[in-house]
Amino acid sequence: MNTILTVTNLTKKFGPLVAVNDLSFSIEKGNVYGILGPNGSGKSTTLGIILNVVNKTSGSFSWFNGETSTHEALKKVGAIIERPNFYPYMTAIQNLRLVCKIKEVSEEKIEEKLALVGLLERKNSKFRTYSLGMKQRLAIASALLNDPEILILDEPTNGLDPEGIHQIREIIKKIANQGTTILLASHLLDEVEKVCSHVVILRKGVKLYAGPVDGLLASHGYFVLAANDQIQL
Ligand code: ADP
Ligand code: MG
């Protein structure tokens, strides 16, 4: 089957605050999905719930048509939802080898992923010498080590300079072209337009739109007009 994730009537409350409000959407294999909304709209909370690090209040989600438990399904999911964190005095390749001790991945695979994110030449540089963009690219390489079905990224270009942003976006497109499904959260309309084929737009936890990015431009052009890059919903 081609359905990677189904989210149904998902709700998360923090006390009186409804962070995610009756949210439903699904993710099909091979597409690049964006969850788009301003800060505080519930993007990270939604990702946290589907990755089993945040407890939902109500509703449900199901990975891979519910064929396995969530715990098993998450082994086929790569995710970066925090700032990349590796050992500063170890090199890139040493850091990935350490990850691989847990995941049992070959040296060849490590180098393949370093090449994919453009870090093969810097594999022997210490992590602490990396720019933020390089750190983020190393985190992406790490998340791809066991060839996940889907890669989840929370605000992957936050804090990067224009060149770093461009590199990350190109890498995301390359990964998608290799057949990995992508789900990324962003508050940048520009990012979603450039990288994603599909988008779920959130405002205060409520879904405003879910569908192809092209359809969004045709039927909800005012989002674009209002956005001026930083989306204001
Ligand atoms: P986004 O990722 O879109 O910026 P979040 O999912 O982080 O939004 O947050 C959605 C809302 O939930 C915000 O109002 C945020 O302050 C609140 N929130 C998130 N996590 C917690 C928490 N652990 N405790 C209380 N409120 C939270
Ligand atoms: Mg967030």
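For every chain, the first residue of the written sequence is number 1, and numbering continues from 1 onward in sequence order. Ligands are numbered from 1 and chains lettered from A, in the order in which they are written. The predicted nature of this model means local features are confined to residues of pLDDT at least 70 and side-chain atom pairs, given and counted, to a pLDDT of 80 or more, with totals for whole chains, interfaces and linings taken over all residues.

Peer 1: Just checking my understanding: could you explain the overall build of the protein for this structure?
Peer 2: Within the protein, the regular secondary structure consists of nine helices and nine strands. Projecting the C-alpha coordinates of the protein onto the three principal axes gives extents of approximately 45 × 40 × 35 Å. Buried, partly exposed and exposed are defined by the number of other C-beta atoms within 10 Å of a residue's own C-beta, namely 20 or more, between the two limits, and 12 or fewer respectively, with C-beta atoms placed from the backbone. Looking at the protein as a whole, 37% of its 233 residues are labelled buried. Placing a C-beta atom from the backbone of each residue, one calls two residues in contact when those atoms lie within 7 Å. Counted over contacts in the protein with a minimum sequence separation of 6, partners at least 24 positions apart contribute 69%. Here a helix means four or more residues in a row that DSSP labels H or I, a strand means two or more in a row labelled E, and each is numbered from the N terminus.

Peer 1: How do you make sense of the packing of helix α5 (residues 132-143) against helix α6 (residues 162-177) when you look at a structure like this?
Peer 2: Working note: a packed helix pair is described by the angle between its axes plus the distance between those axes. Orientation of α5 relative to α6, taken along the N-to-C sense of each, is 15 degrees, at an axis distance of 9 Å. By the criterion of interaxial angle, the relationship of α5 to α6 is roughly parallel. Here the hand of the crossing between α5 and α6 comes out right-handed. Residues Leu132, Gly133, Gln136, Arg137 and Ile140 of α5 lie in contact with α6, whose contacting residues are Gly164, Gln167, Ile168 and Ile171. For helices, the axis comes from a line fit to the C-alpha atoms of the stretch in contact; other axes are also lines fit to C-alpha atoms, and the angle between any two N-to-C directions lies between 0 and 180 degrees. Angle categories: roughly parallel below 35 degrees, roughly antiparallel above 145, roughly perpendicular from 65 to 115, and oblique for all the rest. Should the near helix be turned counterclockwise from the far one by less than a right angle, the crossing is left-handed, whereas a clockwise turn marks it as right-handed.

Peer 1: Explain α5 to me, please; I cannot follow it from the model alone.
Peer 2: For an α-helix the count is 3.6 residues per turn, leaving residues at separations of three or four pointing the same way. Multiply 1.5 Å by the residue count of a helix minus one, and that product is the helix's expected span. Taking 1.5 Å of rise per residue, the 12 residues of α5 would be expected to cover 16 Å, and the 17 Å separating its terminal C-alpha atoms lies within 8% of that figure. Along α5, 10 of the 12 residues are buried, which leaves the element largely enclosed by surrounding structure. Along α5, the residues classified as buried are Gly133, Met134, Gln136, Arg137, Leu138, Ala139, Ile140, Ala141, Ser142 and Ala143.

Peer 1: What should I look at first to understand helix α1 (residues 43-50) in this one?
Peer 2: Of all eight residues in α1, seven are buried; the element is thus mostly enclosed. When we look at burial in α1, the residues that qualify are Lys43, Thr45, Thr46, Leu47, Gly48, Ile49 and Ile50. Backbone geometry just after α1 places Asn52 at a positive phi near 65 degrees.

Peer 1: It is not clear to me how the site of ligand 1 should be interpreted in this structure. Could you clarify?
Peer 2: To decide nearness, the C-beta atom of each residue is placed from the backbone, and the residue is near a molecule or strand if that atom lies within 6 Å of it. Taken together, the neighbourhood of ligand 1 is formed by Phe14, Leu17, Ala19, Gly37, Asn39, Gly40, Ser41, Gly42, Lys43, Ser44 and Thr45. Secondary-structure elements contributing two or more residues to the shell around ligand 1 are β2 (17-28) and α1. Broken down by element, the residue count for the shell around ligand 1 peaks at three residues, all from α1. For the shell around ligand 1, the per-class residue count stands at three nonpolar, seven polar and one charged. Polar here means any residue other than Ala, Val, Leu, Ile, Met, Phe, Trp, Tyr, Cys and Pro, which are nonpolar, and Asp, Glu, Lys and Arg, which are charged; Gly is therefore polar.

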